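# Close look at the chain arrangement
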Amino acid sequence: MVLQKTFGLLFGCLLCACIINCSGVKLVNNGYTDIVIAINPAIQYNDNLIDNIKEMVTEASSYLHRATKQQVYFSEVKILLPPNWEINSSLVQRSTVQSYEKADVIIAEPYRKYGDDPYTLQYGGCGEKGRYIHFTPNFILNNRLTTCYGSQGRVFVHEWAHLQWGVFDEYNDLVPFYISSDGISEATRCSKEIKGKTADCTGSSCSPCYIDASTRLPNGDCKFFPEKGQSSSSSIMYLQGLSNVVEFCNNKTHNPEAPNMQNKICNYRSTWDVISKSDDFRNSSPPHNGSVMPTFALLQAKDRVLCLVLDVSGSMGAMNRIDRLRQAAEIFLLQIIEARSQVGIVTFNSGATVETSLKTIDDDVRNELVQLLPTSAGGGTNICAGVQSGFEVLRGDDGATSGDEIVLLTDGKDSRIRYCFPEVEISGAVIHTIALGPRAARELEQLSTMTGGLQFAATDELDSNGLIDAFTGLVSGNGDISQQSIQLESSGKRIVNDSWLNGTVVIDKTVGNDTFFVVTWESQTPNISVQDPSGKMYNDDFKIDQIVHTARLKINGTAQTGTWLYRILNPGTEQVITITVTSRAADENVPPITVNAYIAKKDSTSPMIIYAEVSHGFLPVLFAEVTAIIEQPTGPLVKQDLTDNGLGADIIRNDGVYTKYFLNITGYGRYNLKVRVQGKEGSTRMAITTGGNALNIPGCTKNDDNQTNPPRPPINEEDLDAKLGDFSRVQSGGAISVPMGTPIVDFPPCKITDLQATIVKDKVKLEWTAPGEDYDQGTVSRYEMRMSDRLLQLRDNFSKATLVNLTNLIPQPYGSRETVIIVFENTELNNGITVYFALYAYDKGNQSSEMSNVAKVSFFVPLIEHLKDNNIAKIVCSVVVVTMTVCLVSGITAYIMHIKSMKRISVGA
């Protein structure tokens with residue numbers, strides 16, 4: 001295989017439309033500032049909610065200060081109120097670049113009442129920031145929940161560690177118990193010094209746990225009840241609710257054997273080790289000994305105020321750009337921008353012209369604004385003139401630009417763009433940028449980066465529909481998803497004479513209001529027909545605009561649920577024809593299925609990762625077909641399937657976040673992303689797991705009595721399997737830029753994360769998914785596997801562990817299953833042994849992956865008398881490599897082990 005190379009991208013708040021976390025949080029003199037806590041518009045006004053948020057953060061600040069050894073605390077917090085709340089205006093400031101969509105913490109009701117578990121949505125790996133923390137209003141207001149989770153302030157610190165420092169939970173509901181290297185059953189926890197008892201409880205009645213003879217673990221209904229009076233002070237990522245728990249697990253108290261997410265994702269490092277090496281602590285100030293009382297500011301967003309600032313310079317007359325601009329902007333004005341928003345229009349070339357001041361959106365105004373879109377192009381390019389005139393328009397409602405938006409589209413170069421950067425920075429407005437064609441000013445995205453705006457790009461390849469996708473991606477970030485336009489279809493194709501563009505689009509039960517079918521073409525009007533699921537045909541119902549080359553069909557009322565067919569005939573010369581379908585929620589109380597597309601990169605030497613979050617409210621949607629479509633500066637579209645299998649770029653399996661490395665960068669320029677999602681009835685379903693959750697404590701032990709807490713509300717599996725039906729979505733993921741001079745990076749294989757070891761009679765079977773030579777692409781050159789009776793030897797001194805001979809293993813391509821069988825020939829020596837396995841993968845340049853996860857096996861057979869005194873013995877293994885249907889003998893490995901006496905099996909600490 002030819003060595004794959006790709007262009008590393010510059011680090012920063014990436015040049016893309018949707019960023020995984022561009023939080024404005026700063027650490028200033030040990031205090032976190034600019035934290036945004038946003039309340040969802042669906043929540044009714046409640047004074048107590050604001051007061052309780054303040055109390056939670058105030059308590060959390062002291063708890064955080066202590067937990068971080070007096071290093072950090074919460075200094076300044078902004079509470080963003082919904083625009084529909086009526087509150088004393090003297091107490092509230094106007095929001096600027098803050099929005100619900102970009103908030104660090106959101107307060108929102110859960111969709112489907114499955115309790116009030118606080119959680120943090122995490123996309124990235126160890127040490128990477130999360131997306132947001134989600135609290136329900138009930139969690140904030142109901143102090144009775146503190147018996148289950150601990151006080152709100154303590155829980156906030158637990159979730160903040162997920163969000164800010166990228167650590168993970170130290171418990172595991174799916175694997176609540178494990179066998180330690182001592183052969184003892186332990187509760188999954190950190191630290192092991194947390195004392196408690198195990199019991200099987202129904203209501204207030206508890207009985208001893210049943211121990212499974214084959215696994216020596218408690219049965220599935222058994223729970224660990226920690227003692228209330230603990231002497232151990234850690235760990236916050238396990239059990240923040242216990243009063244004595246005031247620290248994170250450090251290298252002395254960490255339990256590397258516990259089968260939890262922290263160990264799996266952070267390579268068995270303690271949470272404090274990860275936190276203390278984060279940017280916040282690497283260059284931290286001396287301990288803070290002053291006040292840790294936070295200050296609060298109440299902010300309120302207003303209805304959307306936006307100005308289109310559109311380039312009409314001479315270059316916009318080329319490549320049909322001015323007509324394409326009208327087509328795309330019409331869709332935005334007629335279908336995307338929300339009712340009650342205020343919109344103005346500015347055009348610019350060498351100077352700028354205000355086409356219209358702000359107008360409040362209703363059906364008549366939408367059509368008025370369309371008539372004011374530009375029809376001709378000429379002159380030079382002065383981007384600052386356009387931006388400054390845009391600010392002038394935005395001041396029309398209240399004399400200020402704070403919290404307002406500009407949509408800036410240009411295809412031209414302009415070396416003077418930097419002159420208006422200072423004015424942009426202090427404006428308080430958000431600028432979204434659309435770069436059209438290959439020559440748009442390379443500094444353009446700095447305007448959106450400094451204001452937290454979205455970033456898009458579109459080439460002149462019409463069949464990619466990139467410009468329309470950019471405008472359909474400009475939905476409001478106020479959190480009112482019921483009013484947002486959802487894109488169901490976006491496709492295009494070059495069609496020859498007398499040929500058809502045929503396809504289907506699914507309108508599922510969560511959408512259907514305000515549904516539009518829009519067809520565009522280059523020269524000759526095509527013949528268009530649409531058929532609804534009942535067979536009704538729409539032929540002459542399209543509104544045709546021969547000047548703009550657009551046909552638009554609006555479906556009255558709520559569109560019928562099911563599969564709609566479209567058939568488009570090109571009657572004339574070859575041309576590109578596109579179709580776009582948008583809709584809104586069918587019921588304001590039922591959130592539509594949504595897709596959020598993001599792109600992330602840690603630094604200049606790391607790969608780009610594409611993310612697509614598919615959800616129904618706050619519930620992840622699993623088993624959808626998700627495809628990323630990348631429009632390159634030159635060359636054809638690149639398509640990649642995204643996966644939610646916990647492999648490669650994907651961190652957590654079945655969390656509704658579909659991911660993939662993007663390594664196919666072929667040159668410099670802008671790369672535009674959109675994501676296509678297809679859901680199939682009977683295949684897709686919803687899930688509960690959404691990210692790092694604060695532990696819901698089942699109860700505590702006091703004076704040898706188990707005191708149980710109220711159980712979580714039961715999860716109805718039928719609800720999770722509720723028929724979502726077929727659905728389709730298309731979502732823009734924005735653009736990134738690969739600048740000239742960016743270094744070429746040769747990437748290693750990706751980390752193996754699913755190594756498994758199982759005992760089959762007298763053999764150990766090891767399986768894993770093959771990585772690629774360059775992360776998840778290609779085939780690795782070789783593997784190096786080692787085993788030890790000490791877990792941390794594999795992490796800290798891998799080369800000293802015993803080598804497993806895999807010389808004859810022929811690696812398979814990425815995604816294939818690799819299998820190795822180890823035969824223990826001297827089975828008498830297997831009493832109480834725990835053996836750990838790990839491996840590296842290497843590419844042809846001998847670059848290695850990160851070490852895999854560690855798999856282990858424990859042997860339980862009757863003790864052999866002559867081994868009870870911890871004698872040293874040799875285990876001789878033969879290794880059989882299984883690839884596909886061929887078994888190969890791969891050698892004999894000698895391994896010396898310490899046999900540990902197992903006098904009894906005890907449960908708990």
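Once that is clear, we can look at the sheet that holds strand β43 (residues 727-738). With antiparallel pairing, 4 strands are arranged side by side in an open sheet as β36-β35-β38-β43. What marks the edges here is a single partner per strand, and that holds for β36 (638-642) and β43. Each adjacent strand pair in this sheet contributes to an overall mean axis angle of 20°, direction not counted. Relative to β43, strand β38 (residues 669-679) runs antiparallel, the two sharing 11 bridges. Looking at the pairing, Arg676 lines up with Val730 of β43.

In this structure the tally under the stated criterion is 34 salt bridges. In this structure, Arg269 and Asp273 form a salt bridge, with 2.8 Å as the shortest nitrogen-oxygen distance. Under the relative-accessibility criterion, Arg269 is labelled partly exposed at 26%. By relative accessible area, which is 13% here, Asp273 ends up buried. With a closest N to O distance of 3.0 Å, Asp469 and Lys674 form a salt bridge.

To continue, consider the sheet that holds strand β24 (residues 499-507). Taken together, 4 strands build an open sheet; the order of strands is β24-β30-β26-β27 and the sheet is antiparallel. Among the strands making up the open sheet, the edge pair consists of β24 and β27 (537-538). Two elements, strand β26 (residues 527-531) and β27, share 2 bridges in a ladder whose sense is antiparallel. Within β27, the position partnered with Gln531 by the bridge is Met537.

Mapped onto the fold, Gln812 is located in the loop between β48 (802-804) and β49 (817-824). Reaching out from Gln812, the side chain makes a polar contact with the backbone oxygen of Ile810 at a distance of 2.9 Å.

Our next topic: helix α11 (residues 383-394). Note: α-helices contain 3.6 residues per turn, so residues at a spacing of three or four share the same orientation. Taking 1.5 Å of rise per residue, the 12 residues of α11 would be expected to cover 16 Å, and the 17 Å separating its terminal C-alpha atoms lies within 8% of that figure. With 10 of 12 residues buried, α11 lies mostly within the body of the structure. Those residues of α11 not exposed but buried are Ile383, Cys384, Ala385, Gly386, Val387, Ser389, Gly390, Phe391, Val393 and Leu394. You can read the cap of α11 off the contacts: a side-chain oxygen lies 3.4 Å from the backbone nitrogen of Cys384, and it is on Asn382.

This paragraph deals with the packing of aromatic side chains. Taken as a whole, this structure holds 23 aromatic pairs when the rule is applied. Aromatic pair Trp165 and Phe248: ring centres 6.1 Å apart, planes at 85°, arrangement edge-to-face. With Trp165 in helix α4 (residues 152-165) and Phe248 in the loop between α5 (236-239) and α6 (261-265), the pair connects residues that are 83 residues apart, well separated along the chain. In this pair, the class of Trp165 matches that of Phe248, namely buried. A centroid spacing of 5.6 Å and a plane angle of 75° characterise the contact between Trp272 and Phe281, whose relative ring orientation is edge-to-face. Across the pair, exposure class does not vary: Trp272 and Phe281 are buried alike. It is Lys69 that lies over the ring of Trp272; its NZ or CZ is 5.0 Å from the centre. Here the basic side chain of Arg782 rests over the ring of Tyr842, its NZ or CZ set 3.9 Å away from the ring centre.

Scoring rules and cut-offs
- Residues numbered from 1 in each chain as written.
- Predicted model: local features only at pLDDT ≥ 70, side-chain atom pairs only at ≥ 80, totals over all residues.
- Heavy atoms only, no water.
- Pairing = 2+ DSSP bridges.
- Helix = DSSP H or I, 4+ residues; strand = E, 2+ residues; numbered from the N terminus.
- Axes fitted to C-alpha atoms, helices over the stretch in contact; angles between N-to-C directions.
- Salt bridge = Lys/Arg side-chain N within 4 Å of Asp/Glu carboxyl O.
- Buried < 20%, exposed > 50% of the residue type's maximum accessible area, 1.4 Å probe, protein only.
- Polar contact = N/O pair within 3.5 Å; in protein donor to acceptor, adjacent residues only side chain to side chain.
- Expected span 1.5 Å × (residues − 1).
- Phe/Tyr/Trp six-rings, centres within 6.5 Å; stacked < 30°, edge-to-face > 60°.
- Lys NZ or Arg CZ within 6 Å of the ring centre and 35° of its normal.

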